[in-house]
Amino acid sequence: KDRLSHAYLFTGPRGTGKTTLARLLAKAVNCLNFQEIGDVCNECENCKAINEYSAIDIVEMDAASNRGIEEIRTLKENVNYAPSFLKKKTYIIDEAHMLTKEAFNALLKTLEEPPEHVLFILATTESHKVPVTILSRVQRHDLALASLEELSSKLNLILKSEELKVEDGVLEILYKKSGGSFRDAESLLSKLISTNTDSTITKEEVYSALGLLQDEDVYKLANFLSKKELENSLQVFNNFISKGYSANNIL
């Protein structure tokens, strides 16, 4: 609708892209060609500065380590200064729920009436810990964990750029292991890419690299347990342990 709020809250489980989305929004509002092409151009001087992390008008704060009132007071003093060269001075506050009560109170007035040139983006995994007074002053967007299709689509983009293929079932294992978190799935895939020696990642490699048990081995153990065959159960279990599998993974 060609409208921009002065403050946003992105909330959702970890690895759903809250901080990434905040950075993209910061880039979108500052891109010189956005209105014209309806997307970030990555070619104007503003986009290039943001891509090179040299744009001092985009300030990222990690509330987990900067949670006190002093940091917010400094922020309040700085918001009144115009951006050095971007259109909007953007403050991205990660893990916003970690701010102290006093810090939230200090932020309230600024969030309610920020200068025209300022944009606030808060990201949190625990929105229920953010005071209602703050929630009423931001535009909230809830991010969800990925579906298998969404995650597979993202991982396939990475595989294509790395010129790699995967056996059937590999992406399903990564999805299951990551629980739908983009970040976790990508770090698991990067682990597989770094240990891969040819152009195809096999299920065997996945099981080995991630310390997972083969389905048929799990069925074998479950079968012995269901029949209360103690000796066979312990034998299979000990075999797993001797191969280096953790008891947690076996469970």
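Because the structure is a prediction, the values reported are computed rather than measured.

A.B. asks: Residues and numbers for the confidence of the model for the chain, please.
C.D. replies: Mean pLDDT over the chain works out to 90, with 100% of the residues at or above the 70 mark. Within the chain, strand β1 (residues 7–11) carries the highest mean pLDDT (96), whereas helix α13 (residues 247–250) carries the lowest (81).

A.B. asks: Which residues make up a negative patch on the surface, and what values do they have?
C.D. replies: On the surface, a cluster of negative charge is contributed by E167, D168, E172, E204, D215 and E216. When you line up the elements, E204 lands in helix α10 (residues 203–209).

A.B. asks: Go over the sheet that holds strand β5 (residues 139–142) with me, naming the residues and quoting the values.
C.D. replies: In spatial order, the strands read β2-β3-β4-β1-β5; together these 5 strands make up an open sheet with parallel pairing. Either end of the sheet is taken by a strand with one partner, and the two such strands are β2 (58–62) and β5. With strand direction ignored, the average angle separating the axes of adjacent strands in the sheet is 15 degrees. The pairing of strand β3 (residues 89–94) with strand β4 (residues 118–124) spans 5 bridges and is classified as parallel. Paired with I92 across the bridge in β4 is I121. With respect to the sheet, helix α1 (residues 18–30) is in contact with β1, β2, β3 and β4, its orientation differing from that of β3 by roughly 175 degrees. Packing of helix α4 (residues 69–78) onto the sheet brings it into contact with β2, β3 and β4, and relative to β3 it is tilted by some 165 degrees.

A.B. asks: Outline the state of the cysteines, supporting the account with residue identities and numerical values.
C.D. replies: According to the stated counting rule, one finds 0 disulfides in the structure shown. Between C41, a free cysteine, and C31, which holds the nearest cysteine sulfur, the sulfur-to-sulfur gap is 3.6 Å. Taking the relative accessible area as the measure of exposure, C41 reaches 14% and is therefore buried. The thiol of C47 is not disulfide-bonded; the next cysteine sulfur, from C44, is found 3.7 Å away. You can call C47 buried: its relative accessible area is 0%.

Criteria and thresholds
- Residue positions are counted from 1 within each chain, in the order its sequence is given.
- Whole-chain, interface and lining totals are the exception, using all residues; otherwise, since this is a predicted model, local features are given only for residues with pLDDT of at least 70 and side-chain atom pairs are given and counted only at 80 or more.
- The basis for the side-chain values is all heavy atoms of the structure; hydrogens and waters are excluded.
- Every residue gets a pLDDT, meaning the predictor's confidence in that residue, from 0 to 100.
- Runs of H or I in DSSP of at least four residues are treated as helices and runs of E of at least two as strands, each being numbered from the N terminus.
- Note on patches: the residues involved have over 30% relative accessible area and no salt bridge, like charges join within 9 Å, and the nonpolar side chains Val, Leu, Ile, Met, Phe, Trp and Tyr join within 5 Å.
- Each accessible area is a Shrake-Rupley result for a 1.4 Å probe, and residues are judged covered by the shown protein chains and nothing else.
- In the sections that follow, a salt bridge refers to a side-chain nitrogen of Lys or Arg positioned within 4 Å of a carboxyl oxygen of Asp or Glu.
- His is not counted, nor are the chain ends; Lys and Arg add positive charge and Asp and Glu add negative charge.
- Where a charge lies is defined by one atom per residue type: Lys uses NZ, Arg uses CZ, Asp uses CG and Glu uses CD.
- DSSP bridges decide pairing: two strands pair if at least two such bridges lie between them.
- Think of each axis as a best-fit line through the C-alpha atoms, taken over the contacting stretch in the case of a helix, with angles from 0 to 180 degrees between the N-to-C directions.
- By definition in these notes, contact holds between two residues if any of their heavy atoms fall within 4.5 Å.
- The rule for a disulfide is simple: a pair of cysteine sulfur atoms within 2.5 Å.
- Whether a residue is buried, partly exposed or exposed follows from its accessible area with a 1.4 Å probe, protein chains only, as a fraction of its type maximum: under 20%, in between, or over 50%, in that order.

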